[in-house]
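This is what each chain is made of:
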Amino acid sequence: MGKYRGKSTTVLRPKTTQEVSEIVKWCNDRRIGIVPQGGNTGLVGGSVPLKDEVILSLSNMTQVRSFDPISGILVADAGCILQSLTDYVAPHNHIMPLDLGAKGSCQIGGNVSTNAGGLRLLRYGSLHGSVLGLEVVLPDGTILDQLTTLRKDNTGYDLKQLFIGAEGTLGIITAVSILTPPAPQASNNVILALPRFENVLPLYKTVKRQLSEILSAFEFIDRTAYDLAVKHGQGRALSEDEVEGAECFVLVETSGGKREHDEEKLNTLLESLLEADEPLINTGVMAQNPAQFSSIWALREGVTEAVSKEGKAYKYDISIPLSTFKECVDLTRERLRSKGLLSEDKVKAVMGYGHVGDGNLHLNVVANAYTEEIQDALEPFIYELVASHRGSVSAEHGIGAMKTHALHYSKNEVSVAWMKRIKAMFDPNGIMNPGKVLE
Ligand code: MLT
Ligand code: ZN
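Residues numbered from 1 in each chain as written. Chains lettered and ligands numbered in written order. Predicted model: local features only at pLDDT ≥ 70, side-chain atom pairs only at ≥ 80, totals over all residues. Heavy atoms only, no water.

As annotated in an unreviewed UniProt entry, the protein is FAD-binding PCMH-type domain-containing protein from Gymnopus androsaceus JB14. Regarding the protein, the relevant UniProt record gives this comment under Catalytic activity (unreviewed entry): "(R)-lactate + 2 Fe(III)-[cytochrome c] = 2 Fe(II)-[cytochrome c] + pyruvate + 2 H(+)". Regarding the protein, the relevant UniProt record gives this comment under Sequence similarities (unreviewed entry): "Belongs to the FAD-binding oxidoreductase/transferase type 4 family." (UniProt positions renumbered as here; feature names shortened; annotations may be inferred.)

Caption draft 1: Focus on the sheet that holds strand E10 (residues 215-222). As summarised here, the arrangement of the seven strands in space is E12-E9-E11-E10-E14-E15-E13, forming an open sheet in which the pairing is antiparallel. In the strand order of this sheet, the two ends are held by strand E12 (283-286) and strand E13 (312-319), each with one partner. Each adjacent strand pair in this sheet contributes to an overall mean axis angle of 15°, direction not counted. In the sheet, strand E14 (residues 347-355) pairs with strand E15 (residues 360-367) via eight bridges, with the strands oriented antiparallel. Looking across to E15, one finds that Tyr 353 is bridged to His 362. Across the sheet, helix H12 (residues 303-310) touches E10, E13, E14 and E15, and the angle it forms with E14 is around 170°. Across the face of the sheet, helix H13 (residues 325-338) comes into contact with E10, E14 and E15 while running at roughly 20° to E15. (Pairing = 2+ DSSP bridges. Helix = DSSP H or I, 4+ residues; strand = E, 2+ residues; numbered from the N terminus. Axes fitted to C-alpha atoms, helices over the stretch in contact; angles between N-to-C directions. Contact = heavy atoms within 4.5 Å.)

Caption draft 2: Up close: a nonpolar patch on the surface. A surface patch of nonpolar side chains, about 330 Å² in accessible area, is lined by Tyr 157, Leu 159 and Leu 162. Residue Leu 159 is classed as partly exposed on the basis of its relative accessible area of 31%. (Patch = residues over 30% accessible without salt bridge, like charges linked within 9 Å, V, L, I, M, F, W, Y side chains within 5 Å. Areas by Shrake-Rupley, 256 points an atom, 1.4 Å probe, with all protein chains shown as cover. Salt bridge = Lys/Arg side-chain N within 4 Å of Asp/Glu carboxyl O. Buried < 20%, exposed > 50% of the residue type's maximum accessible area, 1.4 Å probe, protein only.)

Caption draft 3: Layout of the packing of helix H7 (residues 200-211) against helix H10 (residues 259-275). Put simply, H7 and H10 touch, their axes get as near as 10 Å, and they point 145° apart. Our pair here, H7 against H10, has a crossing hand that is right-handed. Together, Leu 203, Thr 206, Val 207, Gln 210 and Leu 211 of H7 and Lys 265, Leu 266, Thr 268, Leu 269, Ser 272 and Leu 273 of H10 make up the contact between the two elements. Tallied by class, the residues present in the contact of H7 with H10 amount to six nonpolar, four polar and one charged. (Left-handed = near helix turned anticlockwise from the far one by under 90°. Nonpolar A, V, L, I, M, F, W, Y, C, P; charged D, E, K, R; others polar.)

Caption draft 4: How the structure looks around the coordination of the zinc ion (ligand 2). Protein coordination at the zinc ion (ligand 2) comes from His 355 (NE2), His 362 (NE2) and Glu 396 (OE), with a distance range of 1.9 to 2.2 Å. We note that the donor set of the zinc ion (ligand 2) lies within a single chain, spaced as H-x6-H-x33-E. Taken individually, His 355 and His 362 each receive the classification buried, so the pair is uniform in this respect. (Donors = N, O, S within 2.8 Å, 3.2 Å for Na, K, Ca; no water.)

Caption draft 5: Just the side chain of Lys 315, in detail. Along the chain, Lys 315 falls in strand E13. Within the buried set, Lys 315 has no salt-bridge partner at all; the shortest N-O distance to an opposite charge, 9.1 Å, is to Glu 396. Engagement of the side chain of Lys 315 in a polar contact is seen with the side chain of Tyr 353, the distance being 3.2 Å. There is a polar contact of 2.8 Å between the side chain of Lys 315 and the side chain of Asn 364. Every residue in contact with Lys 315, bar those within four places of it in the chain, is listed here: Met 1, Leu 43, Thr 304, Tyr 353, Leu 363, Asn 364 and Met 402. (Lys, Arg positive; Asp, Glu negative; His and termini not counted. Polar contact = N/O pair within 3.5 Å; in protein donor to acceptor, adjacent residues only side chain to side chain.)

Caption draft 6: Highlighting the sheet that holds strand E4 (residues 64-68). Strand order in this open sheet of five strands is E4-E5-E8-E6-E7, and the pairing throughout is antiparallel. Every interior strand has two partners, whereas the edge strands, E4 and strand E7 (143-146), have only one. Mean inter-strand twist for the sheet, computed between neighbouring axes without regard to direction, equals 10°. Where strand E6 (residues 131-137) and strand E8 (residues 172-179) come together, six bridges link them in antiparallel fashion. Residue pairing across strands places Leu 134 opposite Val 176, the latter belonging to E8. Contacts from helix H1 (residues 17-30) reach E4, E6, E7 and E8, with the element oriented near 50° to E6.

Caption draft 7: Highlighting the pattern of salt bridges. The tally for this structure, following the rule as stated, stands at 19 salt bridges. A salt bridge links Asp 99 to Lys 103, with the nearest nitrogen and oxygen atoms 2.8 Å apart. In terms of burial, Asp 99 and Lys 103 fall into one category: buried. One network of salt bridges, in which partners are shared, links Asp 99, Lys 103, Arg 120 and Glu 301.

Caption draft 8: Spotlight on the domain arrangement of the protein. Once the domains are mapped, the protein shows domain 1 (10-183), domain 2 (186-303) and domain 3 (311-398). Here domain 1 and domain 2 have C-alpha centroids that lie 33 Å from each other. Between domain 1 and domain 2, the contact holds seven residues from the first and twelve residues from the second. Of the roughly 680 Å² buried between domain 1 and domain 2 on both sides combined, carbon and sulfur atoms contribute 51%. A per-residue breakdown of the area domain 1 buries against domain 2 is headed by Leu 119, Leu 122 and Arg 123, which together make up 83% of the total. Seen at the junction of domain 1 and domain 2, the total is one salt bridge. At the boundary of domain 1 with domain 2, the tally comes to three residue pairs in polar contact (both at pLDDT 80 or more). Considering only residue class, the side of domain 1 that touches domain 2 consists of three nonpolar, one polar and three charged. (Domains from an automatic or database assignment. Buried area = accessible area lost by both parts, 1.4 Å probe.)

Caption draft 9: A look at the packing of H13 against helix H15 (residues 381-388). In contact at an axis separation of 11 Å, H13 and H15 are set at 150° when each is read in the N-to-C sense. Considering the angle they form, H13 stands roughly antiparallel to H15. As for how H13 packs across H15, the hand of that crossing is right-handed. Contacts between H13 and H15 pair Cys 328, Leu 331, Thr 332 and Arg 335 from the former with Phe 381, Ile 382 and Leu 385 from the latter. (Parallel < 35°, antiparallel > 145°, perpendicular 65-115°, else oblique.)

If you want it as structure tokens, here you go:
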């Protein structure tokens, strides 16, 4: 993002958990701050040193430790790249329970540390459910071995949960045990063009009812995000006729056990949507082959890259009621307009996209530069808006360096106080990823 910068002099790339432990102990004894770094693809500055901390990169820890093809349980070093794990389990007809645009460079340890959500959460749930065990180096160098491969282990406090989403502030995840689901026998997708945002919710209801168990993703892109993705060459653009009059788009994915059965369901859904008295969609384009399937996904996954190519991104990753998605984007745009900031040389675009099925909106503002003026117009305005809906200021990207000051909009005083106590207990010297998550 080019938004956060530090002045580190040192990057260490240990190869084993023992080496991580020795480094951490050495740093702890000397009160040297450490920033754990995975693929460095986060969007809230969580893996960037803010001062002169040592960067501890997990990129040399890339071994798969074990895979059980019967249970689907995979145990892997934290530095394994998500795509390489997907490739590893594919011949066994399994998939990773998470998928995200950064899959080619993000690492599983970082995914777990940030509790990354992504495109499969609707179907396979969050990492709090699919992670079965962790190996963690604690801030004093102790190795906490909780690398169990048990589906069920109801023996008191589930300590590993504390490290999922802790963004490296309580310790360094060095290995992950994760449940990989069986690969669906058949997947398909369709991109639907909608005349109005108001149709998204009734559409979601209809799609859920008609596709039931084979629905695996329901993703939303507004027109601005779609146009930007197309402008920057992401995925397969629809024809002019197909996009005409569309205010937004929805990507629906199915994953099921039998191709003919699933296609019939998807076709029936499309027909009923198009033939309705008051159609919720203008048109729908269904993938006819694997290349088209990937290309439809690339449109949605490529929005992030398109935004970065267009300018400097102010990214808000929020959980709010589905019915308020559009209102939040519109109010933000209006706010910027009223401050005289909506112009080609200041803010170029305001857009919404994200995971409708998870109630997660990505509200992005693309500007020419990061400026105080824009920042002040957006914050705390957006956070207050989110809080007014009792939403979350971070649905899936984490707190990092970006939102430490905004944590209180989603976590009450008692919760923050307990988070601070937990942090102090694990890391009394404050060496683990300083300045992240908690102020
Ligand atoms: C996404 O859903 O595309 C990601 O969370 C990244 C982003 O918000 O840009
Ligand atoms: Zn997302």
